[in-house]
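# Notes for the structure review
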Amino acid sequence: MKRFFGIFLSDGYKLAKMKSLYIGIAVMAVLVLVSALAVTGMAELYEEAYGENMIFGDGNGGIKEVDDVAAEIMLQDGLSMLATAPASSAVTTLVAIIAALFIGTDYSSGMMRLFVGRGAGKAQAFVSKWLWVLILTLVYTCVSYLFCLIAAAALGADGKALSEISGTVGAGFGTAVFYAFVFSAIFTAVPHFVRSKAGGITLLLAMEIVVGAILVAVVQLALGVGTGVESENTVYLLLNPYYAYEYIAATDSMTGQELGLVFGGGAMWFALFLGGGLLHSIKADIK
């Protein structure tokens, strides 16, 4: 146990010294700022084009008429940004890059071979990396909500508006925390498989694009999504962790089947990647 804590503290020191850790937080802030400015600009253009005193949904199935169209659009978009904060701030993309750099550096620099040569267990080294990637994902998730809360307030959200979506935001935050475990397992296992910084970044980003976007689009097309003949099997897309993560804001309104797929699927991927990555790290030779 003492040896493990030594590895854990050493990994934490290396992660804290990485410039990419702080660059990622700055990138999140910029993304949220740009999104807020874009919302402001589009809202003003929309009001100029369509005028004032328009009718909007009240969020409860009814309608309401508002005098300031731009303000209403900014408010609703700000609340939407807050509800989907991790996706709005590109948390998974940024953490994937940092994790690949963090783990890949040990292989490219020979530190992993040195650790093992000095008696450190491969399993201990893997678990230490996973715990730090998990902590990183949780911290980035919390920071994303903080940035989006500031943006929502700047776009006109007051205490009443925030309280009305508190249930949605709370459920989404809980789901995001759960998926921090899922993605931390993925982001730790993949760099251990490829054992290089460039390879880890490339594969993790490719997974997000191919599995999270292209595969989803192909399956939706095959199932007729958007054509009026949609299949009830589209619900199984929630087994895709990238797809499910995009819908964390809808967790509080999901059916029991949907929740089972979101959390059951996430638990499955967590076990597969954490167990598979750990087993591979133990069995593979350190070159």
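Residue positions are given per chain, counted from 1 along the sequence in the order it is written. Confidence filtering applies because this is a predicted model: local features only for residues at pLDDT of at least 70, side-chain atom pairs given and counted only at 80 or more, and all residues used for totals across whole chains, interfaces and linings. The basis for every side-chain value is the complete set of non-hydrogen atoms in the structure, without hydrogens or water.

What follows is about the pattern of salt bridges. Put simply, a salt bridge is a Lys or Arg side-chain nitrogen that is within 4 Å of an Asp or Glu carboxyl oxygen. For the structure shown, the criterion picks out 4 salt bridges. The salt bridge partner of K14 is D11, with a shortest N-O separation of 3.3 Å. Placement of both K14 and D11 in helix α1 (residues 2-17) is noted, with a separation of 3 residues, approximately one turn of the helix. A relative accessible area of 23% places K14 in the partly exposed class. For the salt bridge of D11 with K129, the shortest nitrogen-to-oxygen distance reads 3.0 Å. You can see D11 sitting in helix α1 and its partner K129 sitting in helix α7 (residues 122-154), a full 118 residues away along the chain. Secondary structure elements are taken from DSSP: a helix is a run of H or I of four residues or more, a strand is a run of E of two residues or more, and numbering for both begins at the N terminus. Partly exposed describes any residue whose relative accessible area lies between the buried limit of under 20% and the exposed limit of over 50%, with all areas from a 1.4 Å probe on protein chains only and scaled to the type maximum.

Angular values range over 0 to 180 degrees, each being the angle between N-to-C directions of two axes fitted as lines to C-alpha atoms, with helices fitted over their stretch in contact. In the contact formed by α7 and helix α9 (residues 166-194), the axes pass within 8 Å of each other and the chain directions differ by 145 degrees. The interaxial crossing formed by α7 with α9 has right-handed handedness. Each residue is assigned to one class: nonpolar for Ala, Val, Leu, Ile, Met, Phe, Trp, Tyr, Cys and Pro, charged for Asp, Glu, Lys and Arg, and polar for all the others, Gly among them. The residue inventory of the contact of α7 with α9, partitioned by class, reads 16 nonpolar, 6 polar and 1 charged. Less than a right angle of anticlockwise turn of the near helix away from the far helix marks a crossing as left-handed, whereas a clockwise turn marks it as right-handed.

UniProt positions are given in the numbering used here, feature names are shortened, and annotations may be inferred rather than shown by experiment. In the numbering adopted here, UniProt assigns the feature "transmembrane region" (unreviewed entry) to residues 21-43, 87-109, 130-157, 169-190, 202-223 and 259-279. Structurally, residues 21-43 is divided into 100% helix and 0% strand, and its ends, taken at the C-alpha atoms, are 34 Å apart. Taken as a whole, residues 259-279 contains 100% helix and 0% strand, while its terminal C-alpha atoms sit 29 Å from one another.

The phi dihedral of A90 falls on the positive side, at around 55 degrees, and the residue is not glycine. On the secondary structure map, A90 appears in the loop between α4 (85-88) and α5 (91-109). Looking at A90, the relative accessible area reads 23%, which means it is partly exposed. Not every positive phi belongs to a glycine, and R195 is a case in point at roughly 60 degrees. Mapped onto the secondary structure, R195 falls in the loop between α9 and α10 (197-222).

How far a helix is expected to stretch is found by multiplying one less than its residue total by 1.5 Å. The terminal C-alpha atoms of helix α3 (residues 69-83) lie 21 Å apart, and with 15 residues this matches the ideal 21 Å at 1.5 Å per residue to within 8%. Of all 15 residues in α3, 11 are buried, a share of seventy percent or more. The complete set of buried residues in α3 reads V69, A70, E72, I73, M74, L75, G78, L79, M81, L82 and A83.

The next point concerns the packing of aromatic side chains. Side-chain rings of Phe, Tyr and Trp, where Trp is taken by its six-membered ring, are said to pair if the distance between their centres is within 6.5 Å; with planes under 30 degrees apart they count as stacked, over 60 as edge-to-face, and otherwise as tilted. Going through the model one piece at a time under the given rule, you end up with 15 aromatic pairs. For the pair F4 and F8, a centre-to-centre distance of 6.1 Å together with 25 degrees between the ring planes defines the contact as stacked. Remark: F8 and F4 occur in helix α1; sequence separation between them is 4 residues, near one turn of the helix. Just as F4 is buried, F8 falls in that class too. Ring geometry for W269 against F273: centres 6.3 Å apart, planes inclined by 45 degrees, an arrangement best described as tilted. Of the two residues, W269 and F273 are both situated in helix α12 (residues 256-283); the distance of 4 residues between them amounts to about one turn of the helix. Taking relative accessible area as the criterion, F273 reaches 18% and is therefore assigned buried. Of the aromatic side chains, those joined through ring pairs into one cluster are F178, Y179, F183, F187, Y242, Y245 and F263. Above the plane of the ring of F102 lies K129, whose end atom (NZ or CZ) is 5.6 Å from the centre. Either the NZ atom of lysine or the CZ atom of arginine qualifies as a charge over a ring when it sits within 6 Å of the ring centre and within 35 degrees of the ring normal.

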